[in-house]
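# A structural walkthrough
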Amino acid sequence: MGIMNYSKGGFTGSVGAQTGRNWKGLNVLAVKSAPTYTRTEAQASVREGFKRFNHWVSIFAPEIKYDVSLNVAKMSVRNAIVSANKEYIKDATYGYENFAINQGGRQKPISFTATNNEGLITCTWTKPTSTVYSDKTKMIILIVDEDDEMCEVLRVAPDAETATNTINMGTNSDIYVYAWLLDTVGSTRVGSKNVGIKIAHS
C-alpha cells in the first residue's frame, strides 16, 4: 500500500507498478521495471554448479596455499582453482576427478593409483623419470571427502612411490584423490598438472 505524506510531500510504498523512492535527496515516483531476463532451468543449473564447486574448493584450498604452482596473481588459491575450471563447472557430467587443482609444464605423476580400505587411503605411483626435477621436489597428494567436508594433504618424496593418509576418510562417501609434483626454482614454485582419481563408495 502506498502512503502520501502531504506535510512533507513524500510518497512511500507502492501502488500497482508505481513506487515511492528517495533519489538524490528528492522524493520521486518511479515505475517498477520487469526483469530483462528469466531464470531458465539451464541457468539455475549453472548457478547451482558454481555454488557446489565453490563450497567444494573451500574444503581444501586453505590447506594447499603453498603447495601449488597455479597462476595466483592477485587471486586466492580458491579463486585461481575456480578460474582454471570455469569452462567445466557448468557441465554437470564433468567428473570432479577431472578438475585442475594444479597447473604447470613439468612431468606429471606416473601410474598413480589410490585405494580406499575402510577409510584408509593408500596411494602408489612410479617415481618421475624427468631429470629437470631437483632434490627439493615433493609429491603433493590431496584427498577430499566432500560429504564429510574433510581433506588431507600428503607431502612426500617422489621416490617413495607410496603414501597412506593419517586420518580415516568416510566409508560411505565418494573420495577424490589428486596428485601433482611440485619443485622450486629460486623462490618460484614450478610443477606439473595434477592427475585425479575418484574412489566411489561401496
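In what follows, the accompanying structure is described. (Residues numbered from 1 in each chain as written. Predicted model: local features only at pLDDT ≥ 70, side-chain atom pairs only at ≥ 80, totals over all residues. Heavy atoms only, no water.)

### So, the sheet that holds strand β6 (residues 110–117)
Pairing is antiparallel in the open sheet, where 3 strands are placed in the order β6-β7-β10. Each having just a single partner strand, β6 and β10 (162–164) make up the two edges of the open sheet. Each adjacent strand pair in this sheet contributes to an overall mean axis angle of 15°, direction not counted. (Pairing = 2+ DSSP bridges. Helix = DSSP H or I, 4+ residues; strand = E, 2+ residues; numbered from the N terminus. Axes fitted to C-alpha atoms, helices over the stretch in contact; angles between N-to-C directions.)

### Structural notes on helix α2 (residues 77–84)
For α2, the complete set of buried residues consists of Val77, Ala80, Ile81 and Val82. Among the structural elements, α1 (41–60) and α3 (86–89) are those in contact with the buried residues of α2. (Buried < 20%, exposed > 50% of the residue type's maximum accessible area, 1.4 Å probe, protein only. Contact = heavy atoms within 4.5 Å.)

### Details of the pairing of β6
Pairing analysis gives 6 bridges linking β6 to strand β7 (residues 120–126), with the strands arranged antiparallel. Each bridged residue has a counterpart across the sheet, and for Ala114 the counterpart in β7 is Cys123. Following β6, the chain reverses through 2 residues before pairing antiparallel with β7; Glu118 in that reversal takes a positive phi of roughly 55°.

### A short note on the side chain of Ser69
Its place among the elements puts Ser69 in the loop between α1 and α2. Take Ser69: its relative accessible area is 16%, and that puts it in the buried class. At a separation of 3.4 Å, a polar atom in the side chain of Ser69 contacts the main-chain amide nitrogen of Gly191. Apart from the residues lying within four places of it in its own chain, the contact partners of Ser69 are Asn102, Gln103, Leu182, Arg189, Val190 and Gly191. (Polar contact = N/O pair within 3.5 Å; in protein donor to acceptor, adjacent residues only side chain to side chain.)

### Looking at the packing of aromatic side chains
Throughout the structure, instances matching the rule amount to 13 aromatic pairs. Seen in terms of ring centroids, Trp56 and Tyr96 are 4.6 Å apart; in terms of plane orientation they differ by 65°. Their pairing is edge-to-face. With a gap of 40 residues between them, Trp56 in helix α1 and Tyr96 in the loop between α3 and β6 connect regions that are remote in the sequence. Residues Trp56 and Tyr96 agree in their burial class; the two are buried. Look at Tyr96 and Tyr176: their rings are 5.8 Å apart centre to centre, the planes differ by 45°, and that puts the pair in the tilted class. Of the two residues, Tyr96 sits in the loop between α3 and β6 while Tyr176 sits in strand β11 (residues 175–185), which places them 80 residues apart along the sequence. Here Tyr96 falls in the buried class, since its relative accessible area comes to 9%. Overall, the relative accessible area of 7% leaves Tyr176 in the buried class. Through successive ring pairs, a cluster of aromatic residues spans Phe53, Trp56, Phe60, Tyr88, Tyr94, Tyr96, Phe99, Tyr176 and Tyr178. The ring centre of Tyr96 lies 4.4 Å from the NZ or CZ of Arg52, which sits over that ring. Over the ring of Tyr133 we find Arg106, and its NZ or CZ is 5.4 Å from the ring centre. (Phe/Tyr/Trp six-rings, centres within 6.5 Å; stacked < 30°, edge-to-face > 60°. Lys NZ or Arg CZ within 6 Å of the ring centre and 35° of its normal.)

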